[in-house]
Structures are given as structure tokens and as C-alpha cells.
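# Remarks on the overall topology
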Amino acid sequence: MMNSLDYQRGWQERGVLRATQTTKPFMDNPLSVGFKDDLVLSSVVPPVTVALEGRSICHRISLHKHASYSSLAKALHQMFVDSGDETSGEVLDLSNAIPGHVIAYEDIENDLLLAGDLNWKDFVRVAKRIRILPLKANSRKGRGGRP
């Protein structure tokens, strides 16, 4: 007759066996992660904070739900600029998503970088906060200098 300790040990061994069977193909060749695995990994990525400089309320956006920078630009435009009407057929990218502002991001190491410099998948992987910063006006304006 099997006692409860033997039963627990057998269950733990089966659990370890199942865990090793599912991770073994990845461990053999970690570079062979396919499209399906990429979707699973991207769904684990948490939403990032979007902060517009000068506003006290931040938004959150799930980068893995977007396919490219243009999709992100459209979402940011809808968050901060759109008043319900459709854009007049212009193609949005990060440079014109929010007029008068530049879109930057903070990476894992807390460095502030310009969004759009990395390819999309790397950006989704390393970005932890998106910051929308106003463009600085020319410092000579208002000081009697030439415009």
C-alpha cells in the first residue's frame, strides 16, 4: 500500500518531468523561438506608462498590441490630440503624432532615448516608460536676437 509521502513524491517527480519536457526544445536551441513563442512572450510584457510632460496624470499602453511605430503613433495621437474627428488622411509617425512634442522612452537602464531608433521588437522588449517632451523653443526668441 502506498503511503501519502510516496504519493507526494511521485506527483512531484511527474511535475518536474513535465516541466523539463516542455522547456527542453527551447533549451536545446534558444535562438529557434518561433512566431508562436514570440506571441506568447510578447503577451507577458506589461503595459508601459505614457507620460506627457506637464500633465500629472499618466496613461498606460500595451506595446505588444501594436504592430509598428505607426500604430503606436496613431494610439498616442488618439490619447492626447484627437477630439473625436478622424485625421485628414495624413500618415502618422512618431514625428507628427503629437504636434510640438518629441516622443522618447526610458529603457531598462533608465536611459532616455529617442523613440524610433530601434526596430519595433527590440523597442517593445526594452521600453519601460514613454515620455512625451515638448520641443524647446529657440532660445534667441524673446531676447532681442534674430529669429
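Details of the structure are given in the entry above.
Reading the values: rules and limits
- Residues numbered from 1 in each chain as written.
- Predicted model: local features only at pLDDT ≥ 70, side-chain atom pairs only at ≥ 80, totals over all residues.
- Heavy atoms only, no water.
- Salt bridge = Lys/Arg side-chain N within 4 Å of Asp/Glu carboxyl O.
- Helix = DSSP H or I, 4+ residues; strand = E, 2+ residues; numbered from the N terminus.
- Buried < 20%, exposed > 50% of the residue type's maximum accessible area, 1.4 Å probe, protein only.
- Polar contact = N/O pair within 3.5 Å; in protein donor to acceptor, adjacent residues only side chain to side chain.
- Pairing = 2+ DSSP bridges.
- Axes fitted to C-alpha atoms, helices over the stretch in contact; angles between N-to-C directions.
- Contact = heavy atoms within 4.5 Å.
- Core = buried A, V, L, I, M, F, W, Y, C linked by side-chain atoms within 4.5 Å.
- Phe/Tyr/Trp six-rings, centres within 6.5 Å; stacked < 30°, edge-to-face > 60°.

What follows concerns the pattern of salt bridges. All chains considered together, the criterion is met by 4 salt bridges. Linking Glu 53 and Arg 131 is a salt bridge whose minimum nitrogen-to-oxygen distance equals 3.5 Å. Here the residue Glu 53 occupies a position in the loop between β1 (48–52) and β2 (59–61), and Arg 131 occupies one in strand β5 (residues 129–134), the gap between them amounting to 78 residues. Of the charged contacts in the structure, one is a salt bridge between Asp 122 and Arg 125, with a shortest N-O distance of 3.4 Å. Placement of the pair is Asp 122 and Arg 125 together in helix α4 (residues 120–126), with a separation of 3 residues, close to one helical turn. Here Asp 122 falls in the partly exposed class, since its relative accessible area comes to 29%. Of the residues examined, Arg 125 reaches a relative accessible area of 57% and is grouped as exposed. In the salt-bridge network here, residues are joined through shared partners; they are Glu 53, Glu 106, Arg 129 and Arg 131.

Within the fold, Asp 93 resides in the loop between α3 (69–80) and β3 (101–106). Of the residues examined, Asp 93 reaches a relative accessible area of 36% and is grouped as partly exposed. Through-space distance from the C-alpha of Asp 93 to that of Lys 74 is 7.5 Å; in sequence the pair is 19 residues apart. Engagement of the side chain of Asp 93 in a polar contact is seen with the side chain of Ser 95, the distance being 2.8 Å.

So, on to the sheet that holds β2. The pairing of strands in a sheet happens through backbone hydrogen bonds and is either parallel or antiparallel. On the basis of which strands lie adjacent, the open sheet formed by 5 strands has the order β2-β1-β5-β3-β4 and mixed pairing. Since the sheet does not close on itself, it has two edges, and those belong to β2 and β4 (112–114), each with one partner. Taking each pair of neighbouring strands and ignoring which way they run, the sheet shows an average axis angle of 35 degrees. Relative to β5, β3 runs antiparallel, the two sharing 6 bridges. Each bridged residue has a counterpart across the sheet, and for His 101 the counterpart in β5 is Pro 134. Packed on one face of the sheet, α3 meets β1, β2, β3 and β5 and runs near 160 degrees to β2.

Leu 63, Leu 72, Phe 123 and Ile 130 are the most contacted members of the largest nonpolar core, which totals 25 residues. Taken together, the elements giving at least two residues each to this core come down to β1, α3, β3, α4 and β5. With 6 residues, the single largest contributor to this core is α3. Not counting the four nearest positions on each side in its chain, Leu 63 is found in contact with Val 48, Leu 72, Trp 120, Phe 123, Val 124, Ala 127 and Ile 130.

What follows concerns the side chain of His 66. Considering the arrangement of structural elements, one finds His 66 in the loop between β2 and α3. A polar contact is formed between the side chain of His 66 and the side chain of Ser 71, at a distance of 2.8 Å. His 66 has contacts with Ile 61, Ser 71, Leu 72, Ala 75 and Trp 120, leaving out every residue within four places of it along the chain.

Attention now goes to the packing of aromatic side chains. Throughout the structure, instances matching the rule amount to 4 aromatic pairs. Measuring from centroid to centroid gives 5.0 Å for Tyr 69 and Trp 120, while their planes differ by 85 degrees, and the two rings are edge-to-face. Of this pair, Tyr 69 sits in helix α3 while Trp 120 is found in helix α4, placing the two residues 51 residues apart along the sequence. Using a relative accessible area of 16% as the deciding quantity, one classes Tyr 69 as buried. The interplanar angle of 90 degrees and the centroid separation of 5.0 Å between the aromatic rings of Tyr 105 and Phe 123 together place this pair among those described as edge-to-face. Residue Tyr 105 is found in strand β3, and its partner Phe 123 is found in helix α4; the two are separated by 18 residues along the sequence. Of the residues examined, Tyr 105 reaches a relative accessible area of 2% and is grouped as buried. What links up through ring pairs into an aromatic cluster is the set Tyr 69, Tyr 105, Trp 120 and Phe 123.

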